[in-house]
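Here are the chains, one letter per residue:
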Amino acid sequence: MKLAIDKRIKKLRFEKNLTQEELGALIGVSAQSVSKWERGEGYPDIEILPSLAYFFGISVDELIGVDANPQKYDEINNLWRENNNNGLHKCNITLMKQALQTFPNDALLLVQLSTSLEKAGTTDEEKADNLRESIAIQEHIIKYCEDCEVKGATMYNICFAYLKNGESNKALEQAKKLPNLYKGRENALVCILDGEEKRSTALDALTSLAWSISHHMNALFQTTQDESYLSKAKQILGIIYECNNDSFIENLMNNIM
């Protein structure tokens with residue numbers, strides 16, 4: 001019986017607008033291997049099939065009948081969080097690289113690998129190498145990730161990675177690509193949602209707004225040395241806190257002075 005994997009791979013690759021070289025790089029094989037699969041001259045190794053199916057967002061059953069393991073995925077992410085809380089960032093680098101062999105191009109795993117890289121390292125040279133690798137991963141996320149929230153967060157985070165790497169021009173260029181405060185998600189959602197969802201979104205937005213006020217009023221203080229900006233910021237945060245007594249907002253008020 002001839003399997004139809006060749007046509008499926010080609011169709012799925014076209015749907016993602018990828019070249020054979022790009023698909024090969026994303027799943028860790030050569031472009032020649034992808035070309036061979038699509039010509040029907042061979043099949044992916046059985047170890048690659050779960051990774052290939054996961055990348056395309058389908059079950060392996062649609063390719064050959066082997067299912068990806070969501071329980072294993074959850075166990076990996078739980079272990080990453082535990083290691084992160086305990087400062088085991090080097091262990092997490094190994095963990096995420098191994099996980100990405102099974103779940104290639106997974107947005108959450110890539111973000112967690114990038115985060116671990118920036119936290120790991122004992123020497124200046126090792127920290128610099130890790131930072132450059134983290135930047136490369138974040139650039140990959142921005143180029144290929146289809147999750148708008150993950151992509152947006154990465155576009156923000158990479159500004160500071162560039163800055164730490166001494167690439168201030170790149171940091172500035174990237175920062176200018178970010179949406180402004182007016183065009184944020186919460187500002188749109190509160191105009192569309194109703195009832196409890198509308199209320200919950202508004203409260204969440206107030207927390208973000210409190211951070212923005214603290215951040216920008218502190219910037220005004222830094223550039224003018226006018227301490228009235230800090231006292232005004234604390235007053236504004238106090239009003240926001242009356243509407244949403246989030247502990248994060250309370251910490252902002254306590255720390256801003």
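An account of the accompanying structure is given in this report. (Residues numbered from 1 in each chain as written. Predicted model: local features only at pLDDT ≥ 70, side-chain atom pairs only at ≥ 80, totals over all residues. Heavy atoms only, no water.)

Bringing the pattern of salt bridges into the picture now. Evaluated as defined, the whole model comprises ten salt bridges. Here Arg 185 makes a salt bridge to Glu 186, at a shortest N to O gap of 3.4 Å. Its relative accessible area of 48% is what places Arg 185 among the partly exposed residues. Three or more residues are tied together by salt bridges with common partners; here these are Glu 149, Arg 185 and Glu 186. (Salt bridge = Lys/Arg side-chain N within 4 Å of Asp/Glu carboxyl O. Buried < 20%, exposed > 50% of the residue type's maximum accessible area, 1.4 Å probe, protein only.)

By convention here, two paired aromatic rings are described through the distance between centres and the angle between planes. Under the criterion given, the structure shown has two aromatic pairs. A cation over a ring is seen here: Lys 16 above Phe 55, with NZ or CZ 5.3 Å from the ring centre. (Phe/Tyr/Trp six-rings, centres within 6.5 Å; stacked < 30°, edge-to-face > 60°. Lys NZ or Arg CZ within 6 Å of the ring centre and 35° of its normal.)

On to the nonpolar core. Of all hydrophobic cores here, the largest spans 18 residues; its most connected members are Ile 76, Met 96, Leu 109, Leu 113 and Ile 137. Of all the secondary structure elements, the ones that give two or more residues to this core are helix H5 (70-85), helix H6 (89-102), helix H7 (107-119) and helix H8 (124-144). Beyond its immediate stretch of four places on either side in the chain, Met 96 contacts Ile 76, Trp 80, Leu 109, Gln 112 and Leu 113. (Core = buried A, V, L, I, M, F, W, Y, C linked by side-chain atoms within 4.5 Å. Helix = DSSP H or I, 4+ residues; strand = E, 2+ residues; numbered from the N terminus. Contact = heavy atoms within 4.5 Å.)

Bringing the layout of surface pockets into the picture now. Remark: the empty space left among the atoms is shown by a probe the size of a water molecule rolled over them. Size it by volume and the largest pocket reaches roughly 1,300 Å³. For the largest pocket, the lining is made up of 29 residues, of which Tyr 156, Pro 179, Leu 181, Gly 184 and Glu 186 are closest to its centre. Of all the secondary-structure elements, those providing two or more residues to the lining of the largest pocket are helix H9 (148-164), helix H11 (185-192) and helix H12 (195-224). Looking at which element gives the most residues to the lining of the largest pocket, the answer is H12, with eleven residues. Empty space within the second largest pocket amounts to approximately 340 Å³. In this structure, the second largest pocket is lined by 17 residues; those nearest its centre are Lys 16, Asn 105, Tyr 144, Cys 145 and Glu 146. Residue assignment for the lining of the second largest pocket shows that the elements contributing at least two residues are helix H4 (49-56), H7 and H8. (1 Å grid on protein atoms, 1.4 Å probe; cavity = no way out; pocket = protein on both sides within 12 Å on 5 of 7 lines; lining within 4 Å. Points joined across faces, edges and corners; volume = space filled by probe spheres on them.)

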